[in-house]
Amino acid sequence: MKSFYYTRAFALLFTLSFAATCAKASNIVRLSGLFGDDMVLQRQKAIRFYGTAAAKAVFDIEFAGKKQKVNATGNGKWEITFPAMEAGGPYKLRVTSDSSFTLKNILIGDVWVCSGQSNMEWVLRRAFNSPYELKKANYNNIRFLTVPKNAASFAAEEIKNASWKTCTTANAWEFSAVAYFFARTLTERYKVPIGIIHTSWGGTPAESWISNDAISTHPDFKLKADSLLQVFKNRSTIEALQKQVYIERSFPYLKKLQEKDKGYIEGWSKTQYNDTEWKTLVVPGTLEQQGLGDYKGSIWLRKHVIIPAAMAGQDLTLVMEKLNERDITYFNGTEAGRVSGFGGKRVYRIPKEILNKGENIISIRLEAFDRPAGFEAKDASIIRLEQMVETNNPTTIPLAGEWKYAQGLAAAEYPEQPKAGINVSALPSVLYNGMIAPLKKLAVKGFLWYQGENNAGRAFQYRTLFPLLINDWRKQFNQGDLPFIFTQLSGYGPITSEPVDHFWAELREAQLQTLSVPNTGMAVTIDVGDPYDIHPLNKQVVGKRLAAQAMHMVYGDQDQAISPLYESMRLSGDSIRLKFRHTGKNLISKGGITKGFAIAGADKKFAWANAKIDGDEIVVWLWKVKPVAVRYAWTGSPVESNGANVFNAEGFPLSPFRTDNWKSITEGKK
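Keep in mind that what you see is a predicted model, and the values were worked out from it rather than measured.

1. Topic: the packing of helix α4 (residues 177-190) against helix α12 (residues 539-553)
And then number 1: α12 packs onto α4 with a crossing angle of 50 degrees between their chain directions and a minimal axis gap of 7 Å. If you check the angle between α4 and α12, you find them oblique. For the pair α4 and α12, the crossing hand works out as right-handed. The segment α4 lies against α12, with A177, V178, F181, F182, R184, T185, L186, R189 and Y190 engaging K539, Q540, V542, G543, K544, L546, A547, A550 and M551.

2. Details of the sheet that holds strand β33 (residues 617-621)
And then number 1: Strands sit in the order β27-β28-β33-β32 across an open sheet of four strands; the sheet is antiparallel. Here the strands that pair on one side only, and so sit at the sheet edges, are β27 (565-572) and β32 (610-614). Each neighbouring strand pair of the sheet contributes to a mean axis angle of 25 degrees, computed without reference to strand direction.
And then number 2: In terms of strand pairing, strand β28 (residues 575-581) meets β33 through five bridges, oriented antiparallel. The residue bridging S575 from the neighbouring strand is W621, located in β33.

3. Some thoughts on unusual backbone geometry
And then number 1: Omega for the bond connecting G89 with P90 falls within 30 degrees of zero, at 10 degrees, which places this linkage in the cis form.
And then number 2: As for its placement among the helices and strands, P90 is situated in strand β7 (residues 88-96).
And then number 3: N324 connects to E325 through a cis peptide bond whose omega is -5 degrees.
And then number 4: As for its placement among the helices and strands, E325 is situated in the loop between β15 (316-324) and β16 (326-331).
And then number 5: Here the phi dihedral of Q44 falls at roughly 60 degrees; this positive angle occurs in a residue that is not glycine.
And then number 6: Relative to the helices and strands, Q44 is located in the loop between β2 (40-42) and β3 (47-52).

4. Observations concerning the packing of aromatic side chains
And then number 1: Evaluation of the coordinates by the stated rule reveals 40 aromatic pairs.
And then number 2: Ring geometry for F503 against W504: centres 6.1 Å apart, planes inclined by 75 degrees, an arrangement best described as edge-to-face.
And then number 3: Judged by its relative accessible area of 5%, W504 is buried.
And then number 4: Among the aromatic side chains, those forming a connected cluster through ring pairs are W209, F447, W449, Y462, F466, W473, F477, F484 and F486.
And then number 5: The aromatic ring of F647 is capped on one face by K590, whose charged end is 4.1 Å from the ring centroid.

5. Considerations on the sheet that holds strand β31 (residues 606-608)
And then number 1: Read across the open sheet, the four strands follow the order β31-β30-β34-β36; overall the sheet is antiparallel. The open sheet has two edge strands with one neighbour each: β31 and β36 (657-658).
And then number 2: Examined bridge by bridge, strand β34 (residues 629-632) and β36 share two bridges and lie antiparallel to one another. From the neighbouring strand, Y632 faces β36, where its bridge partner is F657.

6. A few points about the confidence of the model for the protein
And then number 1: Chain-level pLDDT for the protein is 91 on average; 95% of the residues reach the 70-or-more range.
And then number 2: Every residue in residues 1-25 is under pLDDT 50, and counting partners more than four places away or in other chains gives one contact.

7. A closer look at helix α10 (residues 459-477)
And then number 1: When the terminal C-alpha atoms of α10 are compared, their 27 Å separation across 19 residues agrees well with the 27 Å that a helix rising 1.5 Å per residue should span.
And then number 2: The axis of α10 is deflected most strongly, by about 25 degrees, at L465, and proline P467 appears within four residues downstream.
And then number 3: Of all 19 residues that make up α10, 14 are buried, and the element is covered over most of its length.
And then number 4: A positive phi of about 55 degrees marks N478, the residue just after α10.

8. Brief notes about the environment of T659
And then number 1: Take T659: it is sitting in the segment after β36.
And then number 2: When neighbours within four sequence positions are excluded, T659 is seen to be in contact with Y566, M569, L578, A629 and V630.
And then number 3: Within polar-contact distance, the side chain of T659 engages the backbone nitrogen of V630 at 2.9 Å.

9. Re the nonpolar core
And then number 1: Of all hydrophobic cores here, the largest spans 141 residues; its most connected members are F49, F63, W78, W112 and F597.
And then number 2: Counting residues in each nonpolar core, the second largest holds 34 residues, with L301, F331, A336 and I382 among its members.

10. Considerations on the side chain of Q461
And then number 1: Note that Q461 resides in helix α10.
And then number 2: Residue Q461 is classed as buried on the basis of its relative accessible area, which comes to 5%.
And then number 3: A polar contact of 3.0 Å, which involves the side chain of Q461, links it to the side chain of D220.
And then number 4: Setting aside chain neighbours within four positions, we find Q461 in contact with H218, D220, F221, K669 and K670.

11. Section: a nonpolar patch on the surface
And then number 1: A cluster of nonpolar residues, Y246, I247 and F251, forms a patch on the protein surface that exposes about 310 Å² of accessible area.
And then number 2: With respect to the helices and strands, Y246 occurs in helix α7 (residues 238-260).
And then number 3: The partly exposed category is assigned to Y246, whose relative accessible area is 42%.

12. Describing the packing of α10 against helix α11 (residues 503-513)
And then number 1: Between α10 and α11, the shortest axis-to-axis distance is 8 Å and the interhelical angle comes to 20 degrees. Comparing the axis directions of α10 and α11 gives the class roughly parallel. In this structure, the crossing between α10 and α11 has a hand that is right-handed. When α10 is examined against α11, the residues A459, Y462 and R463 are found in contact with a partner set consisting of F503, E506, L507, E509, A510, Q511 and Q513.
And then number 2: Residue classes in the contact of α10 with α11 are distributed as five nonpolar, two polar and three charged.

13. Points about the state of the cysteines
Defined simply, a disulfide is a covalent bond joining two cysteines at their sulfur atoms.
And then number 1: Within the structure shown, the criterion is met by zero disulfides.
And then number 2: The thiol of C114 is unpaired, and the distance to the nearest cysteine sulfur, on C167, comes to 13 Å.

14. Some words on the side chain of N360
And then number 1: Tracing the sequence through the fold places N360 in strand β19 (residues 359-368).
And then number 2: A distance of 2.7 Å separates a polar atom in the side chain of N360 from a polar atom in the side chain of N332.
And then number 3: What N360 contacts, discounting residues up to four positions off in sequence, is K303, H304, V305, I307, F331, N332, I354 and L355.

15. Notes on the pairing of strand β17 (residues 334-339)
And then number 1: As defined by bridge partners, β16 adjoins β17 across five bridges and the pair is classed as antiparallel. Across the sheet, I328 pairs through a bridge with R338, a residue of β17.
And then number 2: Hairpin connection of β16 to β17: two residues between the antiparallel strands, including N332 at a positive phi of 55 degrees.

Scoring rules and cut-offs
Residues numbered from 1 in each chain as written. Predicted model: local features only at pLDDT ≥ 70, side-chain atom pairs only at ≥ 80, totals over all residues. Heavy atoms only, no water. Axes fitted to C-alpha atoms, helices over the stretch in contact; angles between N-to-C directions. Helix = DSSP H or I, 4+ residues; strand = E, 2+ residues; numbered from the N terminus. Parallel < 35°, antiparallel > 145°, perpendicular 65-115°, else oblique. Left-handed = near helix turned anticlockwise from the far one by under 90°. Contact = heavy atoms within 4.5 Å. Pairing = 2+ DSSP bridges. Phe/Tyr/Trp six-rings, centres within 6.5 Å; stacked < 30°, edge-to-face > 60°. Buried < 20%, exposed > 50% of the residue type's maximum accessible area, 1.4 Å probe, protein only. Lys NZ or Arg CZ within 6 Å of the ring centre and 35° of its normal. pLDDT = per-residue confidence, 0-100. Expected span 1.5 Å × (residues − 1). Bend = angle between axes of the 7 residues up to and from the residue. Polar contact = N/O pair within 3.5 Å; in protein donor to acceptor, adjacent residues only side chain to side chain. Core = buried A, V, L, I, M, F, W, Y, C linked by side-chain atoms within 4.5 Å. Patch = residues over 30% accessible without salt bridge, like charges linked within 9 Å, V, L, I, M, F, W, Y side chains within 5 Å. Areas by Shrake-Rupley, 256 points an atom, 1.4 Å probe, with all protein chains shown as cover. Salt bridge = Lys/Arg side-chain N within 4 Å of Asp/Glu carboxyl O. Nonpolar A, V, L, I, M, F, W, Y, C, P; charged D, E, K, R; others polar. Disulfide = S-S within 2.5 Å.

This is the structure in structure tokens:
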């Protein structure tokens, strides 16, 4: 009987203890995922913290020496506001409750939201001269938060699995290159902390980034947006669609590929694999260049490397250029990185934990379908292993020379490609829902935008779509006409010998026209494009020109030069005189003769024209043509076709433009 009472007492004690533990656990205070160690908060605006807790929980928050009591609502939500502060720090944020914690190293400065598609997403390690840039990327005043990709059915309140990072060589590898160079330029100029919230997704159209309320007002999207909203409400969600596409298409395809490729089957990426019977490829070089055939499919490369003592015990950088086309690169059997696009430079971080004493193995699985398999680098020195951090006596291991290679799976033997499914990231509003809506309570300085490639085929529509996005974001963030600075698309596309109509030029025109929206600025990048690559590598120039726009229009530096813009034209006999604004000290034509201009008469047929700079004007004419209209840099890749070489003396290129309003080739495209 005594044991019965002891058992009852123990059970009661356990129940009370468990209930107390649950009550304590349920009172956990959580901050929004936007807040964390190393964050930057916007200066000169009220500082708002928010999150969740137990229903009607009461707790204290102390920030920068000021304490406030917080009362959660009945549904467990809470928010608290502290007075605006000037730039400075570091500060701490202390939450005192049943689950007390402290956030450290918080700075007050300027917070910029940077968004768009792949050219904004393009990481620093893949930018021009990235090994050098990464070694220099140590700025305590620059902090980055990258929003995870998330296509959502409805507006999300929260982001998950994101954290602020201080800009160091070790962290900057995966930072947006454009955003990094923008932030670096500003913090070096003004000595103010810069916080970057990077929220981009490659290959996405503008309509995906606009809220449902706004996109439903656009006549071209109202029906689709309303129908999609009903689908989400009644039958399915983005999450379910994504899972369905993966289960039905992607996973079975990858499984079949791995079951057929000998490299996967025999473990060619493993250190212990014996490659003595493999053939030899001299690097840099391709199979085709070395008379080894025009092979298409997967090819595996291996290189045996001895790490010297001077490089032991530290992270290394693997630099390779130019690999064709897609790669998965392994170091001692561990994946170091991969690129799923076409050929280009690879810069991968090799952590010290995977280095071996003595011999190490680099293994690469390449897929070559459209370009010759192998390395197309012209300079052997850019295929190397080097120390990641800057040192007085840097050690470099050249990787040029002989590599082993073997064919994995020929293109003809590849499994059937999965049928194209729904591109969920291209649906209206889904990226706004998952990647912009969770940010809208946060005080920010402004927005950076690099997008338009995926809307170029509908450039005329972009004239209304892009302003809709800008006004929508400003409304959602509710902080007035926040500065919105965007990148005009660089040169890309086939080189033409004669003037042509081009949808890429029309997209640039739509961007130029968007400057009519108040408090907007545009960085002109026509001179740093690549006709063969939609991703120009010179992100340094792009970031600096975006920063120049910010200096000029946001930071009050009216003396800061920006790109010249077309203003007006007037007929002058048999010529046309063009007037511009933002000409700086004066206009110049790089390389001599002024090029890039085409002229047309009443027949609307354009031909390359003569042009000369006359003060802050440009005179354009063509013998035997009574001029009616002028176009400048009006093609996909104007720098490579007929020049387009007009700049101001400060080095900013003239934006492409046309003086006519004749029917666009993308008008009516939906």
